[in-house]
Amino acid sequence: MTVYRGKRHFGRTREPAGGPAAGGPGGAGGAPRFVVQIHDASTLHFDFRLEVDGVLKSWSVPKGPSTDPHDKRLAMPTEDHPLEYRGFEGVIPDGEYGAGTVIVWDEGSYHPLSRKRKGRTRSFQESLADGHIAFRLDGSKLHGGYALTRFRGGPDSGERESWLLVKEQDDRAGRRGTPDARRARSVLSGRTLRQVAAEEGGGHRERG
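Residues numbered from 1 in each chain as written. Predicted model: local features only at pLDDT ≥ 70, side-chain atom pairs only at ≥ 80, totals over all residues. Heavy atoms only, no water.

Caption draft 1: Fine view of helix H3 (residues 193–200). Taken residue by residue, H3 has Leu-193, Val-196 and Ala-197 as its buried positions. The buried residues of H3 occupy one face: seen down the axis, they fall within an arc of 100°. Residues Arg-194, Ala-198 and Glu-199 are exposed on H3 and point more than 90 degrees away from its buried face. The elements touched by buried residues of H3 are strand E1 (33–40), strand E2 (44–52), strand E5 (90–92) and strand E6 (100–113). (Buried < 20%, exposed > 50% of the residue type's maximum accessible area, 1.4 Å probe, protein only. Helix = DSSP H or I, 4+ residues; strand = E, 2+ residues; numbered from the N terminus. Arc of directions from axis to C-beta. Contact = heavy atoms within 4.5 Å.)

Here is the structure:
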């Protein structure tokens, strides 16, 4: 969490500073959680976050997750976020890191899928380090199997990591793709980016 906290001034932004990493999944021994936020910052993008080892492992997904298995969505890793960030929605002030409007587009639980390598079942954490994880989402909007695969970078490579987020071909796959981010509504408040910016932004000027 050092990188996350070092980028933010918590006297200026309402983003959570976060406490000690939680010991178990779900914060109370339940299934691990995921969240997808839409972030209208310098560029409009989706943030995809999975709870792993008491933090939210995070990827910036410019085009957002898709329900269509044919869509391969670029996902760029970002710093770990605190679990409390799952409920963050509002406006990050101008001058702060990531300044812009955030809504919670989807959230729910997920189920890690086991993977074998060299005849041994790998833990989800080992699979993440290896660069390939598979999981089932049970959200309000996203359901079924997904996979994240690293295709560039990694340990000791010297390159910035790049991953792909892809929907698995299952009974929850479809052709809907990804919704229009500016028309999409928060799963928490039912508001759009524009509405959150108008209600909470004060002097913040909406982008776009």
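Caption draft 2: Region of interest: the pairing of strand E11 (residues 162–167). Counting buried positions along E11 yields five of six residues, so the element is predominantly enclosed. As paired elements, strand E4 (residues 72–81) and E11 share four bridges and run antiparallel to each other. Bridge pairing in E11 places Arg-73 opposite Leu-165. Here strand E10 (residues 143–152) runs beside E11; their pairing, made up of six bridges, is antiparallel. Each residue of the ladder has a partner; that of Ala-147, found in E11, is Val-166. (Pairing = 2+ DSSP bridges.)

Caption draft 3: Fine view of the pattern of salt bridges. Taken as a whole and assessed by the stated rule, the structure comprises 18 salt bridges. A salt bridge links Lys-7 to Glu-79, with the nearest nitrogen and oxygen atoms 3.4 Å apart. Within this pair, whereas Lys-7 is found in the loop between helix H1 (2–6) and E1, its partner Glu-79 is found in strand E4, the two being separated by 72 residues in sequence. Note on Lys-7: relative accessible area 31%, which makes it partly exposed. Owing to a relative accessible area of 10%, Glu-79 belongs among the buried residues under this scheme. With a closest N to O distance of 3.2 Å, Glu-126 and Arg-120 form a salt bridge. A residue is classified by how much of its surface remains accessible, and Glu-126, at 28% relative accessible area, is partly exposed. (Salt bridge = Lys/Arg side-chain N within 4 Å of Asp/Glu carboxyl O.)

Caption draft 4: Looking closely at the nonpolar core. If you look at the biggest cluster of nonpolar residues, it comprises 28 residues, and the most contacted ones within it are Phe-48, Leu-50, Trp-59, Phe-135 and Leu-148. Setting aside chain neighbours within four positions, we find Leu-148 in contact with Phe-48, Leu-50, Trp-59, Ala-75, Gly-131, His-132, Ile-133, Phe-135, Trp-163, Leu-164 and Leu-165. One finds Tyr-4, Leu-83, Phe-88 and Ile-92 within the second-largest nonpolar core, a separate group that totals nine residues. (Core = buried A, V, L, I, M, F, W, Y, C linked by side-chain atoms within 4.5 Å.)

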